[in-house]
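# Remarks on the overall topology
The primary structure of each chain is shown beneath.
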Amino acid sequence: MEERGRTLGLGSLMTFIILALILLFFSIFLIYRSMTAYVQGDLPVSFSYLIFSLMGLILSSYFLMHLKNARLRAAKKVPSVFTMVECLQCGFKNIRSFQKGDYVLKRAEGCPKCSQSMLITSIYAEAEQKP
Ligand SMILES: [Zn+2]
């Protein structure tokens, strides 16, 4: 799973966008050619240009939609890391976001209830939940 996400790097993402844009511009150019052929009365040529341009438009929009989905999936994957701190004196528990230097069994900040120093009991990652 993770390897798959990494293969779609920024470089391949850029080529993907550029390819889709080239296809889009080519389709617009074909529409223009189709219109000029139509004005000149060359209906079969105009029609074939139109077909190709429509295919190009569909393909490029498919590319861009696929790209959008891929980026959404990538954003969804990023997990949030939490640290659970527990007071051994009064049993107070607190979950906060992970801070650099946190490790399990490290002495953490003072307990807000009894002001004894608390202990980090667990560190865990949780994937962001989106419907
Ligand atoms: Zn306490």
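## Structural notes on the overall build of the protein
When you go through the protein residue by residue, the secondary structure sums to three helices and four strands. From first element to last, N terminus to C terminus, the protein shows the α and β order α-α-α-β-β-β-β. The 131 residues of the protein split such that 9% are buried. Residue pairs at least 24 apart in sequence account for 50% of intrachain contacts in the protein once pairs closer than 6 positions are excluded.

## Quick look at the pairing of strand β1 (residues 79-86)
Note: β1 against strand β2 (residues 93-97), five bridges, orientation antiparallel. From the neighbouring strand, Val-85 faces β2, where its bridge partner is Asn-94. The loop that links β1 with its antiparallel partner β2 comprises six residues; one of these, Gly-91, has a positive phi angle of about 80°.

## Details of the confidence of the model for the protein
With 85% of its residues at a pLDDT of 70 or more, the protein has an overall mean of 84. In the model of the protein, helix α1 (residues 2-7) stands out as the element of lowest mean pLDDT, 47, in contrast to β2, which has the highest, 93. In the model, residues 1-6 has pLDDT below 50 throughout and makes two contacts with residues more than four positions away in sequence or in other chains.

## Side note on unusual backbone geometry
For residues besides glycine, phi is generally negative; the peptide bonds are generally trans as well. Backbone geometry places Leu-105, a non-glycine residue, at a positive phi of 75°. With respect to the helices and strands, the residue Leu-105 is situated in the loop between β2 and β3 (107-110). Looking at Leu-105, the number of C-beta atoms within 10 Å reads 8, which means it is exposed. Residue Ser-115 is not a glycine yet carries a positive backbone phi of 55°. If you trace the backbone, Ser-115 turns up in the loop between β3 and β4 (117-127). Residue classification places Ser-115 among the exposed positions, given that 10 C-beta atoms sit within 10 Å.

## Section: the environment of Arg-33
Inspection of the secondary structure assignment puts Arg-33 in helix α2 (residues 10-39). Residues Arg-33 and Val-45, twelve residues apart in the sequence, show an inter-C-alpha distance of 9.0 Å.

## Describing the environment of Met-35
Along the chain, the position of Met-35 falls in helix α2. When the C-alpha atoms of Met-35 and Val-45 are compared, they prove to be 9.9 Å apart, with ten residues separating the residues in sequence.

## Overview of the environment of Ala-125
Inspection of the secondary structure puts Ala-125 in strand β4. With 44 residues separating them in the primary sequence, Ala-125 and Val-81 have C-alpha atoms 4.2 Å apart. When residues no more than four places from it in sequence are discounted, the contact partners of Ala-125 are Pro-79, Ser-80 and Val-81.

Rules and cut-offs
- Residues numbered from 1 in each chain as written.
- Predicted model: local features only at pLDDT ≥ 70, side-chain atom pairs only at ≥ 80, totals over all residues.
- Helix = DSSP H or I, 4+ residues; strand = E, 2+ residues; numbered from the N terminus.
- Buried ≥ 20, exposed ≤ 12 C-beta atoms within 10 Å, placed from the backbone.
- Contact = placed C-beta atoms within 7 Å.
- Pairing = 2+ DSSP bridges.
- pLDDT = per-residue confidence, 0-100.

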